[in-house]
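In case you want the letters, here they are:
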Amino acid sequence: MSADSSATGTDSMTVSGSVSTAGSISVMTEDAPTTWTGSLRHKWMRTLPPDKMLPERQPAYVTSWIYVFGMATIVSLILVLGSGAILTLGGVEWFHTSSLGRFVNSLHFWSVQLFFLFMIVHLWGKFWMAAWRGKRAMTWMTGAVAFLASVGTAFTGYVITTNFNAQWIAFESKDVMNAVGLGAIFNVADLGQMILLHVCLLPAGLGLIVIMHVLLVRKHGVVPPLEALDPDAQKAQVA
Amino acid sequence: MSTKHEAKADLDTRPWTGPTRHYDILKEGAIALVIVTVLTVGLAALFSSPDDAQLTFKGWAQSSPDTMYTAAVSELAGSSESAGYGPPYNNNSDGLSVGPIALQKWAGVTHPFDAAQDLVIAPLESQQQPADVAAALATWKAATADQQAAWAEAYDTALADAEGDAAKAAEGDYGPVPALATGLVAMGASGAYDGAILSRGSFFTTDYTKQLLFMGDGGYMEDKAVAANLGGDTWGMMNEAGSWPGQSWLAFASVWYQLPMFNTEGNVLTDNADAIIFFILVVLCLIMILVPFIPGLRSLPRWIPLHRLVWKQYYKENGRA
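On a predicted model such as this, the values are computed, not experimentally measured, just so you know.

Caption draft 1: Structural context of the overall build of chain B. Of the regular secondary structure elements, chain B holds 19 helices and one strand. A compact globule built from 321 residues would reach a C-alpha radius of gyration of about 20 Å, whereas chain B, at 29 Å, exceeds it by more than 25%. With the principal axes as the frame, chain B shows a C-alpha extent of 90 × 50 × 35 Å. Considering chain B as a whole, with its 321 residues, one finds that 34% of them fall into the buried category.

Structure (structure tokens):
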């Protein structure tokens, strides 16, 4: 039996109770958790308390349309994953012979196009906002890696479409892969390997990077404007 | 660092204490999901998606038998692109390199491939053949490697001189080579080659490396690709067959292939373009990832103040430093 006030999400001293071997309950105070689970929760709550994770207010400068593209990228990724999941039920040749399969493939195709469009606008927006300022370098870096992982994931998607485009892209890209020795490991003409990369390994990797990116955004908050006046100094001036 | 810069860095780092506004992240996400879903469904319903039928050996043999015939001879002679490719398929060349860095060679042969045996002899052997082709096969197999090479190379040269027209090839001692090539084209036209090259005696297979190499050797696939504006010097893989958008996000890679230094025949840079451009891309990717730490590049947003458009409203209401 235990009661732990740290579940409220505060960093205050916790109170916990435990059953002693004699059956009596001893109550003690502690500054730090004593289990792996407690340590993880403690660190999580200190790094990302609920008001940071799911805020109801944001700085007044978060008003531009450019901020929409981060969220648009995430929801289009959800559509990419959803339409891709349905395609896996029919297999890579489904859309050649079924109108339903063709429609789902079209959803996948266009959600990918929108995903990249939104992501590239988001990326350029963050560049011109110098969004890596204030210890946010890792946020930028995970975003850049997410873009590159997306390029790789999309590429493997194109080579598993089992049509002329897949043949030609595989034929051309094998030379690039082979030229630097990567063809010895990643064979673009191996449909089985490319399917597994596209529907398993790469989406899992991309998903993890995106989750890390979003958590870092929530942890550090939205970067202030480049030429912003110090609000504390302004308040002091008014006072 | 100046006091002004220190104060700015502090402002960027510490929690925001200035004016705030109401914000509902879940509501924004829900609205975005609805809008992007409507957009996706609308685009899918209106424009569908590309799906040009795959090329087959049957189609190749029926529509362009001469090029398939010539390709078969070049596989036997070892003069085709795939026969002399190098790693990871064979050791018939070292492959590409950037100066002393020969990653293709160092990676070694991991997908062994013998053009004559895998693309011509083995598929012919896997089927019941007409008497002349069966006899040609027996003659080929009974000959020494030197004799095989002499026949195939002589006929390959004669065909090249006749611009691929077998009827105009000079007379010579070509052994069983013409009959083998004829048998292969006949097998292709019947559709049997597609099955033979795919299965290679196995029940399961997902690896289509060999048929892709053969399809690429004959010029048949490349002609189709160039006609569809998919050639390397016209932004290649970035495009999509038909009028659909392609992989436009590959522009940062495709642009290098448009430069004359990387697409002019006989140029050492062109010969090793795939390897050189790959290294250029690795450097570019590292630069993109490490922007926050690269002096000059990380200051571009300060020097070119496009951010004033982003925060125009905030600056108007709260002033600018």
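Once the structure has been displayed, the description carries forward.
Caption draft 2: Expanded view of the overall build of chain A. A count of helical and extended segments in chain A gives nine helices and three strands. Scanning chain A from its N terminus toward the C terminus, one meets helices and strands in the order β-β-α-α-β-α-α-α-α-α-α-α. By the burial criterion, 40% of the 239 residues in chain A qualify as buried. Considering only residue pairs separated by 6 or more positions, chain A has 62% of its internal contacts joining residues 24 or more positions apart.

Caption draft 3: Quick peek at the interface of chain B and chain A. The partner chain A presents 84 residues to the 85 residues of chain B that form the contact. Here the side of chain B that touches chain A gets twelve residues from one element, more than from any other, and that element is helix H2 (residues 25–47) of chain B. Residue composition of the side of chain B that touches chain A, grouped by class: 46 nonpolar, 26 polar and 13 charged. As paired strands, strand S3 (residues 57–59) of chain A and strand S1 (residues 20–22) of chain B are joined by three bridges and run antiparallel to one another. Note that in S1 of chain B the partner of proline 59 of chain A across the bridge is threonine 20 of chain B.

Caption draft 4: Quick peek at H2 of chain B. For H2 of chain B, with 23 residues, the first-to-last C-alpha span of 32 Å sits near the 33 Å given by 1.5 Å per residue. Among all positions in H2 of chain B, only Ala32, Val36, Thr40 and Ala44 of chain B are buried. The inward-facing, buried residues of H2 of chain B contact helix H3 (68–90) and helix H5 (99–128) of chain A. Where H2 of chain B ends, the next residue or the one after it, serine 48 of chain B, has phi of about 55°, a positive value.

Caption draft 5: Broad picture of the UniProt feature "domain: Cytochrome b/b6 N-terminal region profile" (unreviewed entry) in chain A. Under the UniProt annotation, "domain: Cytochrome b/b6 N-terminal region profile" (unreviewed entry) lies at residues 41–226 of chain A. Structurally, residues 41–226 of chain A comprises 73% helix and 2% strand, and the distance from its first C-alpha atom to its last is 35 Å.

Caption draft 6: Focus on the UniProt feature "transmembrane region" (unreviewed entry) in chain A. Residues and elements named next belong to chain A. Mapped onto this structure's residue numbering, the UniProt feature "transmembrane region" (unreviewed entry) falls at residues 65–87, 107–125, 137–160 and 195–217. In residues 107–125, the share of helix is 100% and the share of strand is 0%. The end C-alpha atoms are 26 Å apart. Helix makes up 92% of residues 137–160 and strand 0%, with an end-to-end C-alpha separation of 35 Å.

Caption draft 7: Local environment of the domain arrangement of chain B. Each domain of chain B was delimited in the assignment, giving domain 1 (57–227) and domain 2 (291–321). Using only C-alpha atoms to locate each centre, domain 1 of chain B and domain 2 of chain B end up separated by 60 Å.

Caption draft 8: Representation of the packing of H3 of chain A against H5 of chain A. All names here are of chain A. Their axes nearest at 8 Å, the elements H3 and H5 cross at an angle of 155°. Here H5 runs roughly antiparallel to H3, going by the angle between their axes. Judged by the twist between their axes, the crossing of H3 over H5 is left-handed. Split by residue class, the contact of H3 with H5 holds 15 nonpolar, twelve polar and no charged.

Caption draft 9: Just helix H4 (residues 65–77) of chain B, in detail. Residue and element names in this part refer to chain B. Taking 1.5 Å per residue, 13 residues should reach 18 Å; H4 reaches 18 Å between its end C-alpha atoms and fits that length. Burial analysis of H4 places ten of its 13 residues in the buried class, which makes it a mostly covered element. Among all positions of H4, only Met68, Tyr69, Thr70, Ala71, Ala72, Val73, Ser74, Glu75, Leu76 and Ala77 are buried. Just past H4, the residue glycine 78 takes up positive phi, approximately 75°.

Caption draft 10: Quick peek at the nonpolar core. Formed by 116 residues in total, the largest nonpolar core has its most connected members in Ala72, Val73 and Leu180 of chain B. Ranked by residues supplied to this core, first place goes to H5 of chain A with ten residues. What leucine 180 of chain B contacts, discounting residues up to four positions off in sequence, is Leu76, Val120, Leu124, Val133, Ala136, Leu137 and Trp140 of chain B.

Caption draft 11: Fine view of the UniProt feature "transmembrane region" (unreviewed entry) in chain B. If you check UniProt for "transmembrane region" (unreviewed entry), the listed places come out as residues 30–48 and 275–294 of chain B in our numbering. End C-alpha to end C-alpha, residues 275–294 of chain B measures 26 Å, and it is 75% helix and 0% strand.

Caption draft 12: Highlighting the environment of aspartate 233 of chain B. Residues and elements named next belong to chain B. Mapped onto the elements of the fold, aspartate 233 is located in the loop between helix H12 (220–227) and helix H13 (251–257). When the 13 C-beta atoms within 10 Å are taken as the criterion, aspartate 233 is described as partly exposed. Separated by 33 residues in the primary sequence, aspartate 233 and glycine 266 place their C-alpha atoms 15 Å from one another. Once residues lying within four places of it in the same chain are set aside, the contact partners of aspartate 233 are Tyr257, Gln258 and Asn263.

Caption draft 13: Summary view of unusual backbone geometry. The omega angle of the peptide bond from proline 87 of chain B to proline 88 of chain B is 10°, so this bond is cis rather than trans. In this fold, proline 88 of chain B is placed in the loop between H4 and helix H5 (103–107). Despite not being glycine, lysine 135 of chain A shows a phi value in the positive range, around 60°. The topology assignment puts lysine 135 of chain A in the loop between H5 and helix H6 (137–158). In this structure lysine 135 of chain A comes out as partly exposed when scored by C-beta crowding, with 14 C-beta atoms within 10 Å. Located in the positive-phi region is serine 48 of chain B, a residue other than glycine, with phi close to 55°. Mapped onto the elements of the fold, serine 48 of chain B is located in the loop between H2 and helix H3 (57–63).

Caption draft 14: Focus on the confidence of the model for chain B. On average, residues of chain B carry a pLDDT of 92, and 98% of them reach 70 or more. For this predicted complex, the interface confidence score (ipTM) comes to 0.92, while the overall pTM stands at 0.89.

Caption draft 15: Structural view of the confidence of the model for chain A. Residues and elements named next belong to chain A. Looking at chain A, the pLDDT average stands at 88 and 87% of residues meet or exceed 70. Looking over chain A, one finds the lowest element-wise mean pLDDT in strand S1 (residues 14–19), namely 43, and the highest in H5, namely 98. Segment residues 1–24: pLDDT under 50, and 33 contacts once partners within four positions in sequence are set aside and those in other chains are kept.

What counts as what
- Residues numbered from 1 in each chain as written.
- Chains lettered and ligands numbered in written order.
- Predicted model: local features only at pLDDT ≥ 70, side-chain atom pairs only at ≥ 80, totals over all residues.
- Helix = DSSP H or I, 4+ residues; strand = E, 2+ residues; numbered from the N terminus.
- Rg over C-alpha atoms; globule rule 2.2 N^0.38 Å.
- Buried ≥ 20, exposed ≤ 12 C-beta atoms within 10 Å, placed from the backbone.
- Contact = placed C-beta atoms within 7 Å.
- Nonpolar A, V, L, I, M, F, W, Y, C, P; charged D, E, K, R; others polar.
- Pairing = 2+ DSSP bridges.
- Expected span 1.5 Å × (residues − 1).
- UniProt positions renumbered as here; feature names shortened; annotations may be inferred.
- Domains from an automatic or database assignment.
- Axes fitted to C-alpha atoms, helices over the stretch in contact; angles between N-to-C directions.
- Parallel < 35°, antiparallel > 145°, perpendicular 65-115°, else oblique.
- Left-handed = near helix turned anticlockwise from the far one by under 90°.
- Core = buried A, V, L, I, M, F, W, Y, C linked by C-beta atoms within 7 Å.
- pLDDT = per-residue confidence, 0-100.

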